Amino acid sequence: MKNSKLALIVFFAAFLFFFYLYEMYEMFISKYREKIGPLSESIAIFTMFGASIVYCAFSKTKVIWNGLARSFNVQMIELYLITLFFASVVPLPARIQYFAILLPLLLFFFSYKITKDIDGILVYLIGISVVVVALVLFFFTNYYNNELYDTEEANNAAYTVLVFLPFLLCYRRVVVRIASIVLVFVITLLSLKRGGLFGVSLGMAIYLFIDQVAIKEKKINMAGLLVILVGLVGLYLLFDRFNETSGGLFMTRLEEMSETGGSNRILIYEDKLHEIVNSDFLGLIFGHGWLATENAGKIKLTAHNDILEIAYDFGLVGLCLFACVIMSLYRLQKDLIDEKSRLAAPFGASMGILLVLIGVSHIWVYHQMLSVFALFWGFVLAAKGNEYFRRK
């Protein structure tokens, strides 16, 4: 029994190594795609794809089929079928994408099964934490090799670390959670990502509300307000110091957001919405294929909003199925709060981050970030009844 569990842990560690390579590859896109080449990402994707299928097939743990598992499964399959249909006419840029698009769904079920099979919450969390530490080291090691201080070229590396934050908030030790929040905030600040800062801010607001008010039923008193005030002052001083040392670049980007609508997002939204409304009947119902927004309208960019992206790429059918996934996530959140689970607050933080990124960026068509959320959802469903997350 001990030998089989040890073998399972070794397998999980090896799997996480490829997951690290997969996530690392997208952190500094412009610099590192040329240096490490597409082969490393392809190997990571193909290895995880195959390992997930084999593991899920041979694991004795029954496949979960609740509201979230069902809605996410149906939505991802619809997305994949629409992609294959249009790819038969215009193939995807790289063959590995045919595997990568389905990877989040496989990782969802893989995460659920291996969490149940390992039967060690800390083993799982420590494994994920090692990946996060490696990504953070990669971020700071390569920070000055990237054009961070060009207001037109703020990078997306912080998003990779940000979406792992809910995992770190699952630890029972307060010091680990606080250190994780501070670290993610600093990385997001250094990356000049306004959407990232809004995401971590909303995530933390929901986290604190659920943990302190919804679960512990504490009333907000003067002492609590004082702690919040001191924290806000500390964050302001940190922000002011960074803005000063960077030559005022962050304030410049905030000013640009007020003047241009956030990297011209308002113009992009108007352009893509016009294309959706003026689609033919079949295009309106079933969409136009994977990332079709890049070639639609006057602005040849993605929609920078998952609702618009899904509506154009996968039609109203895809949008309705996407809404079902969001509703399933909401119901899971409600169940965790009703159970007074320690997972309720971290899951709330993930919802805050998810909703912000859906609004100002992409999750569903960027399989790297959706894969992290899928891992987390599978983990939560498997672990929510575990003793580690029960309140005494």
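Cut-offs applied
- Counting from 1, residues in each chain are numbered in the order their sequence is written.
- The predicted nature of this model means local features are confined to residues of pLDDT at least 70 and side-chain atom pairs, given and counted, to a pLDDT of 80 or more, with totals for whole chains, interfaces and linings taken over all residues.
- Each side-chain value is derived from all of the structure's non-hydrogen atoms; neither hydrogens nor water enter the calculation.
- Put simply, DSSP marks the helices as runs of H or I at least four residues long and the strands as runs of E at least two long, and each gets a number from the N terminus on.
- Categorising residues by exposure relies on relative accessible area from a 1.4 Å probe, with only protein chains included: less than 20% of the type maximum marks a residue as buried, more than 50% marks it as exposed, and the intermediate range marks it as partly exposed.
- Contact definition: two residues touch when any of their heavy atoms are within 4.5 Å.
- Under the convention used here, a 1.4 Å probe and the Shrake-Rupley method define accessible areas, while residue burial counts only the protein chains that appear.
- To get an axis, a line is fitted to the C-alpha atoms, and for a helix only the part in contact is used. The angle between two axes follows their N-to-C directions and goes from 0 to 180 degrees.
- By definition in this entry, angles of less than 35 degrees are roughly parallel, angles greater than 145 are roughly antiparallel, angles of 65 to 115 are roughly perpendicular, and the rest are oblique.
- For a crossing to be left-handed, the near helix must be turned anticlockwise from the far one by less than a right angle; the clockwise case is right-handed.
- Note that Gly is not counted as nonpolar here; it falls among the polar residues with everything else outside the nonpolar set of Ala, Val, Leu, Ile, Met, Phe, Trp, Tyr, Cys and Pro and the charged set of Asp, Glu, Lys and Arg.
- Patches here: salt-bridge-free residues with over 30% relative accessible area, like charges joined within 9 Å, nonpolar side chains (Val, Leu, Ile, Met, Phe, Trp, Tyr) joined within 5 Å.
- When a carboxyl oxygen of Asp or Glu is within 4 Å of a side-chain nitrogen of Lys or Arg, the pair counts as a salt bridge.
- The criterion is simple. A nonpolar core is a set of buried Ala, Val, Leu, Ile, Met, Phe, Trp, Tyr and Cys residues joined through side-chain atoms within 4.5 Å.
- Pairs of N or O atoms are called polar contacts if they sit within 3.5 Å, as long as, within protein, a hydrogen donor faces a hydrogen acceptor (for residues adjacent in sequence, only side-chain-to-side-chain pairs).
- Aromatic pairing here means that ring centres of Phe, Tyr or Trp (its six-membered ring) are within 6.5 Å. Orientation follows from the plane angle: under 30 degrees is stacked, over 60 is edge-to-face, and everything else is tilted.

(A) Summary view of the overall build of the protein chain. When helices and strands are tallied, the protein chain shows 17 helices and 0 strands. Put simply, the protein chain has 392 residues, and 52% of those count as buried. Partitioning the intrachain contacts of the protein chain with sequence separation of at least 6 by distance along the chain shows that 79% fall at a separation of at least 24. Only carbon and sulfur atoms are counted for the fraction: they give 68% of the accessible area of the protein chain, which is about 18700 Å².

(B) Molecular detail of the side chain of Ser 371. Locating Ser 371 in the fold gives a position in helix H17 (residues 367–383). Once residues within four sequence positions are removed from consideration, Ser 371 is found in contact with Phe 19, Tyr 22, Glu 23, Leu 103, Pro 104 and Leu 107.

(C) Region of interest: the packing of helix H13 (residues 265–277) against helix H15 (residues 306–338). Two elements in contact, H13 and H15, have axes whose closest approach is 10 Å; the angle formed by their N-to-C orientations is 30°. Between H13 and H15, the angle is such that the two are roughly parallel. Seen along the crossing, H13 lies across H15 with a hand that is left-handed. Contacts between H13 and H15 involve Tyr 269, Leu 273, Glu 275 and Ile 276 from the first element and Leu 308, Ala 311 and Tyr 312 from the second. Tallied by class, residues from the contact of H13 with H15 come to 6 nonpolar, no polar and 1 charged.

(D) Structural detail: a nonpolar patch on the surface. Together, Phe 281, Leu 282, Phe 286 and Val 317 make up an exposed nonpolar region whose accessible area comes to about 410 Å². Note on placement: Phe 286 falls in helix H14 (residues 281–286).

(E) View of the nonpolar core. Of all hydrophobic cores here, the largest spans 112 residues; its most connected members are Trp 364, Trp 377 and Phe 379. In terms of residues, this core owes the most to one element, H17, which gives 13 residues. When near neighbours in sequence (up to four residues on either side) are disregarded, Trp 377 contacts Leu 68, Phe 72, Phe 108, Leu 329, Phe 347, Leu 354, Trp 364 and Leu 370. Grouped together as the second largest cluster of nonpolar side chains are 7 residues, Ala 296, Ala 303, Leu 308 and Ala 311 included.

(F) Expanded view of the side chain of Thr 188. Among the secondary structure elements, Thr 188 is positioned in helix H9 (residues 174–190). From its side chain, Thr 188 meets the backbone oxygen of Val 184 in a polar contact 2.7 Å long.

(G) Highlighting the packing of aromatic side chains. For the structure shown, the criterion picks out 28 aromatic pairs. Ring centres of Phe 11 and Tyr 55 lie 5.6 Å apart, and the angle between their planes is 20°; on these two criteria the pair is classed as stacked. With Phe 11 in helix H1 (residues 2–24) and Tyr 55 in helix H2 (residues 29–58), this pair connects stretches of sequence that are 44 residues apart. Pairing Phe 11 with Phe 110 gives two aromatic rings, centres 6.2 Å apart and planes at 65°, and the pair type is edge-to-face.

(H) The pattern of salt bridges, seen in detail. Evaluated as defined, the whole model comprises 4 salt bridges. Salt-bridge contacts for Lys 272 lead to Asp 271; the nearest nitrogen and oxygen are separated by 3.6 Å. Classification of Lys 272 as buried rests on a relative accessible area of 1%. Between Lys 384 and Glu 339 there is a salt bridge, with the nearest N and O atoms lying 3.3 Å from each other. You can see Lys 384 sitting in the segment after H17 and its partner Glu 339 sitting in the loop between H15 and helix H16 (344–360), a full 45 residues away along the chain. For Lys 384, a relative accessible area of 25% corresponds to the partly exposed category.

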